Amino acid sequence: MTFEMVKTSPITGQKPGTSGLRKKTRVFMAPHYLENFIQAIFNSIGGAKGKSFVVGGDGRFFNRQAIQTILKIAAANGAARIIVGWNGLLSTPAASHLIRINGTDGGIILSASHNPGGIDEDFGVKFNVPNGGPAPESVTSAMLAETLTLSSYRIARLPDTDLDVLGETELGGMQVSVVDPVEDYLALMRTLFDFDAIRTMFAGGFSMCFDAMHAVTGPYAKKILEDVLGAPKGTVINSVPLEDFGGGHPDPNPIWASTLIDLMMSDNAPDFGAASDGDGDRNMIVGRGQYVTPSDSLAVLVANAQLAPGYAAGIAGVARSMPTSAASDKVAEKLGIECFETPTGWKFFGNLMDAGRVTICGEESAGTGSDHVREKDGLWAVLLWLNILAVRKQPVARLLADHWAEYGRNYYSRHDYEAVPTDAANDLMGNVIGQLATLRGKTFAGQTVSRADEFCYRDPIDGSVSDHQGLRIWFEGGGRAVLRLSGTGTEGATIRVYLEQYQPDMSAISQPAQQVLLPLQQAVADLVRMQHFLGRTKPDVVT
Ligand code: G1P
Ligand code: ZN
């Protein structure tokens, strides 16, 4: 008997509303834990019989072992075919693309994104639906409910599949296709961007540093930037995916990618710098001497997308998450295209993209992408920037200055207060919510509130309502502060404070963002009684 039915007990403690399950690696490694969750995924979508799925991950510790388990459970559940990345590797956007072009019934992506990897670090399992996007809340709730009631899983007791050899094999009657993780993704990128123009730019001496942070985009970036586009060898650094990402956080922001930032601010800076996260869906863009905030990056991409062949006909609309700055709104207004404000999380963009209402989407947390897949896509953003630079032939700093001169500048920063005791975080938020209706006209540290509310989103396509999506406070003079609790933190609560100050007239010299935002920061600290609830007013992480 090769298929075994194993009795199991429920797993508990997941946060509803997230698009998968993210836990410490050892939790996933505990007997029956991963097995239980995978069986729950299959049960909640009506079984795996006769179905096909894409499976791959970001290469972190436990990735390969987890894939073997998933293959055996899929086989025992009667799946027809699994498409798996060579060596178990698939970036999140590449997995999304494979689901779409192969018309599979979904995909299982193994990653904890930008969080560290290792036996004592993080692991995650995400289910993507047939449109290639993260499972919507209705699907994940069903999955998580299933983990609490199922009492057994089916697993094939068969040898491991060799993931290092490309091609077709068979496992207990199920077809396993080990595919090159880069090939189809590269073919897609060729349809979107002017590779010749970018190649010419590199041939003309344009220099770049791409930090793959020892994560999954290493092989993608090496192949596309160095082999295909002709960037000099060594353009991609930290290009070999490691199980522990070399001990760092594969998080492309000025804190965790500080080596790249330091290089870009130095005398030896190349023309262009970029980085991507663990699973390749986030990106950081930095020019020589010029960091580009993700909100500004989104606005620049929307304003210039038509320079790339894939968007030459123009874009349908743009969507940004609520805390993301309104810089892209200004561009949308000028272009006369629709512009949407959605709750935090990529899944809220899916319906708008499927309905053809938006082409480009972005989040302040370093996520940008378009309707070419249904995930955010780090390398896509980098290639679109390269295409734009190849056409405009301007340094990043010049391009950004011109952008601000045209649209005004949305000074922007996110302040995170991490590992806050959950009660203190809830008390602080509850206290502000209690005052929302009466804030208008009140002054805090010299800043007068002009409007305040709690963000509630009604999906324009399916009418579903998501409430309690963060507090918005506007101030006279173009300031806005947003407060919300993180849904992805692993220790206590994380309070995120997003500060934005619009400056329409950029004829004045640009000032450092933190300096411009200081009055807002102080007003928020006063308004939410930060010292009283948290015993501090200084954030842990400023991005
Ligand atoms: C964070 C980001 C959010 C992103 C999510 C998943 O969520 O802020 O934009 O979609 O990670 O990558 P948060 O911890 O703020 O809930
Ligand atoms: Zn990610």
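Here the structure is shown first, and the text comes after it.
Residues numbered from 1 in each chain as written. Chains lettered and ligands numbered in written order. Predicted model: local features only at pLDDT ≥ 70, side-chain atom pairs only at ≥ 80, totals over all residues. Heavy atoms only, no water.

Asker: So what's going on with the overall build of the protein? Which residues, and what values?
Answerer: Scanning the protein from N- to C-terminus turns up 17 helices and 27 strands. Against the 2.2 N^0.38 benchmark of 24 Å for 543 residues, the protein shows a C-alpha radius of gyration of 23 Å, consistent with a compact globule. Of the contacts made within the protein by residues no fewer than 6 positions apart, 72% connect residues no fewer than 24 positions apart. Taken as a whole, the protein presents about 20400 Å² of accessible surface, with 51% of it coming from carbon and sulfur. Averaging the coordinates of the 46 positive side-chain charges in the protein and doing the same for the 59 negative ones gives two points 2 Å apart. (Helix = DSSP H or I, 4+ residues; strand = E, 2+ residues; numbered from the N terminus. Rg over C-alpha atoms; globule rule 2.2 N^0.38 Å. Contact = heavy atoms within 4.5 Å. Areas by Shrake-Rupley, 256 points an atom, 1.4 Å probe, with all protein chains shown as cover. Lys, Arg positive; Asp, Glu negative; His and termini not counted. Charge placed at Lys NZ, Arg CZ, Asp CG, Glu CD.)

Asker: I'd like a rundown of the coordination of the zinc ion (ligand 2), residues and numbers included.
Answerer: Of the protein atoms, only Ser113 (OG), Asp277 (OD), Asp279 (OD) and Asp281 (OD) coordinate the zinc ion (ligand 2), at distances of 2.0 to 2.2 Å. Classification of the site at the zinc ion (ligand 2) rests on its four donor atoms, whose angles at the metal span 87 to 159°, yielding the label irregular. Mapped onto the sequence, the residues coordinating the zinc ion (ligand 2) show the spacing S-x163-D-x1-D-x1-D. Note that serine 113 is positioned in the loop between β5 (107–110) and β6 (122–128) and aspartate 279 in the loop between β12 (272–276) and β13 (283–287), a separation of 166 residues in sequence. Take serine 113 and aspartate 279: they sit in the same class, and that class is buried. (Donors = N, O, S within 2.8 Å, 3.2 Å for Na, K, Ca; no water. Tetrahedral: all angles 85-135°; square planar, octahedral: opposite > 155°, others 65-115°. Buried < 20%, exposed > 50% of the residue type's maximum accessible area, 1.4 Å probe, protein only.)

Asker: Describe in detail the pattern of salt bridges, supporting the description with residues and values.
Answerer: This model, assessed by the stated rule, comprises 27 salt bridges. Glutamate 363 serves as the salt-bridge partner of lysine 376, at 3.8 Å between the closest nitrogen and oxygen. One end of the pair, lysine 376, is in the loop between β18 (367–370) and α13 (378–392); the other, glutamate 363, is in strand β17 (residues 360–363), and 13 residues separate them in sequence. Judged on exposure class, the residue lysine 376 and its partner glutamate 363 are both buried. Residues joined in a network through salt bridges with shared partners are Arg320, Asp329, Glu341, Asp453, Arg472, Arg480 and Glu500. (Salt bridge = Lys/Arg side-chain N within 4 Å of Asp/Glu carboxyl O.)

Asker: Could you give me a rundown of the sheet that holds strand β10 (residues 208–211), with the residues and numbers involved?
Answerer: A sheet is described by the order of its strands in space; here five strands give the open sequence β11-β10-β12-β13-β14, paired in mixed fashion. In this open sheet, the two strands that pair with only one neighbour each are β11 (236–237) and β14 (290–292). (Pairing = 2+ DSSP bridges.)

Asker: Before we move on, can you summarise helix α3 (residues 63–76) with the specific residues and values?
Answerer: Helical geometry note: an α-helix holds 3.6 residues per turn, so side chains three or four residues apart project in the same direction. The first and last C-alpha atoms of α3 sit 20 Å apart over 14 residues, in line with the 20 Å expected at 1.5 Å per residue. For α3, the buried fraction is high: 12 of the 14 residues fall into the buried class. All buried positions along α3 are accounted for by Asn63, Ala66, Ile67, Gln68, Thr69, Ile70, Leu71, Lys72, Ile73, Ala74, Ala75 and Ala76. One or two positions beyond α3, positive phi appears at glycine 78, with a value near 85°. (Expected span 1.5 Å × (residues − 1).)

Asker: Quick rundown of the nonpolar core? Include the residues and the values.
Answerer: Buried together is how nonpolar side chains tend to be arranged in soluble globular proteins. Counting residues in each nonpolar core, the largest one holds 103 residues, and the members touching the most others are Phe193, Phe272, Trp380 and Leu386. Per-element accounting of this core gives the leading share, 11 residues, to α13. Residues in contact with tryptophan 380, not counting those within four places in the same chain, are Tyr185, Met189, Leu192, Phe193, Leu301, Tyr311, Ile360, Thr368, Gly369, Ser370 and His372. One finds Phe28, Ile38, Ile82 and Val84 within the second-largest nonpolar core, a separate group that totals 40 residues. (Core = buried A, V, L, I, M, F, W, Y, C linked by side-chain atoms within 4.5 Å.)

Asker: Lay out the packing of aromatic side chains with the relevant residues and their values.
Answerer: Throughout the structure, instances matching the rule amount to 12 aromatic pairs. Consider the rings of phenylalanine 28 and phenylalanine 123, whose centres lie 5.2 Å apart with planes at 70°: the pair is edge-to-face. Note that phenylalanine 28 is positioned in helix α1 (residues 25–29) and phenylalanine 123 in strand β6, a separation of 95 residues in sequence. Judged by its relative accessible area of 0%, phenylalanine 123 falls in the buried class. With centroids separated by 6.4 Å and ring planes inclined at 40°, the aromatic side chains of phenylalanine 455 and tyrosine 457 adopt a geometry described as tilted. Summarising the burial analysis for this pair, phenylalanine 455 and tyrosine 457 share the class buried. These aromatic residues form a ring-pair network of at least three members: Phe28, Tyr33, Phe62 and Phe123. (Phe/Tyr/Trp six-rings, centres within 6.5 Å; stacked < 30°, edge-to-face > 60°.)

Asker: How would you explain the pairing of β10 if you had to name every residue and give the values?
Answerer: Residues Met208 and Phe210 point to one face of β10 and Cys209 and Asp211 to the other, with burial holding for every one of them. Relative to β12, β10 runs parallel, the two being bridged by four bridges. Bridge pairing links methionine 208 to phenylalanine 272 in β12. Sheet topology note: the β10/β11 ladder contains two bridges and is parallel.

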